[in-house]
Amino acid sequence: TSRNFTIEDKCDYTVWPVASTLSSVGFSLSPTGFIPRKGEAGVINAPPSWTGRFWAGHSAPPTQPEVSHAPQETAVPEKSSAPDTDYLFPEFALDGATGKDSYDVSVVAGYNLPMQIVPLDEKTCSSTGCVMDLKVTCPFELRVTTTNTSLVACMNACQKLKLPEYCCTGDYSSPDKCKPSLYSQNFKSVSQALIATSTTIAPS
């Protein structure tokens, strides 16, 4: 039985959600992505043991879309891996070793827009996400802007500054040496403390 992810755009701007498969070789998600209008929702189907990520762009589509047969929808070519930087990642591992689903929203690659995972059965599983606009508190040196200086994303310190103390490499490769930085603490504290409008991804 396939699993359904319902993606709803609750932002004040258009987003382009895309799925990336990390397992289930030989299975193609349908569709891999689409362009919803504000307030609209789309469904992406996945196999029961699927592992993968979603991400979304909002300054431009993550990939050049190809028009599909469904109205108001585009089929975005699936990538084997998600982008390296600037994107917030909702991650899923369905039907894991214990037969349970696991999920999280990761800022390890940076941040570009608010997202929240809302399970259908909130008695068993909890909602999680990052629903604050972290671009507002993004340090100047980590900001990603367009050619017209619009702020579109916030990079993580490792990818931007490329220093071992932020990347947990070299002399900082052990947990006792690699400590939370002011940059990572900013991401964590602001995301946990504040609530804003979000894009919701719900497995069913």
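Each remark here, short or long, concerns the structure printed above.
What comes next concerns the included structure. What you see is a predicted model, and the numbers here were worked out from it, not measured in a lab. Sequence order as written defines residue numbering, which begins from 1 separately in each chain. Whole-chain, interface and lining totals are the exception, using all residues; otherwise, since this is a predicted model, local features are given only for residues with pLDDT of at least 70 and side-chain atom pairs are given and counted only at 80 or more. As a rule here, side-chain values cover all heavy atoms of the structure and leave hydrogens and water aside.

**Examining the overall build of the protein chain**
Test applied: Helix and strand definitions follow DSSP, with helices as H or I runs of at least four residues and strands as E runs of at least two, each counted in order from the N terminus. For every residue, the accessible area (1.4 Å probe, protein chains only) is compared with the maximum for its type, and the residue is labelled buried under 20%, exposed over 50%, or partly exposed between those bounds. Whether two residues are in contact is decided by their heavy atoms, any of which lying within 4.5 Å being enough. Accessible surface area values rest on a Shrake-Rupley calculation with a 1.4 Å probe, where residue burial reflects the displayed protein chains alone.
The helix and strand inventory of the protein chain stands at 3 helices and 13 strands. For the protein chain, buried positions account for 41% of its 204 residues. Expressed as a percentage of contacts within the protein chain between residues at least 6 apart in sequence, the contacts between residues at least 24 apart total 65%. Surface exposure of the protein chain reaches about 10900 Å², of which carbon and sulfur atoms provide 53%.

**Notes on the sheet that holds strand E7 (residues 89–93)**
Applied cut-off: One bridge is not enough; two strands pair if DSSP finds at least two bridges between them. Geometry is summarised by axes, namely lines fitted to C-alpha atoms with helices restricted to the contacting stretch, and by angles between N-to-C directions that run from 0 to 180 degrees.
Ordered in space as E2-E4-E7-E8, the 4 strands form an open sheet in which the pairing is antiparallel. The sheet terminates laterally at strand E2 (16–21) and strand E8 (102–106), the two strands that pair on one side only. Put simply, the sheet's adjacent strands are angled 20° from each other on average, direction ignored.

**Notes on the state of the cysteines**
Our working rule: Two cysteine sulfur atoms form a disulfide, by the criterion used here, when they sit within 2.5 Å.
Scanning the model with the defined rule gives 3 disulfides in all. The disulfide that involves Cys-138 links it to Cys-154, with 2.1 Å between the sulfurs. Given an S-S torsion of about 80°, the disulfide between Cys-138 and Cys-154 has right-handed geometry. Taken as a pair, Cys-138 in the loop between strand E10 (128–130) and strand E11 (143–145) and Cys-154 in strand E12 (residues 151–154) lie far apart in primary sequence, 16 residues in all. Here Cys-138 and Cys-154 have matching classes, each one buried. Disulfide pairing places Cys-158 opposite Cys-167 at an S-S distance of 2.1 Å. Judged by the sign of its S-S torsion, about 105°, the cystine formed by Cys-158 and Cys-167 is right-handed. Assigning the bonded cysteines of the protein chain consecutive numbers by sequence position, one obtains the connectivity 1-2, 3-4, 5-6.

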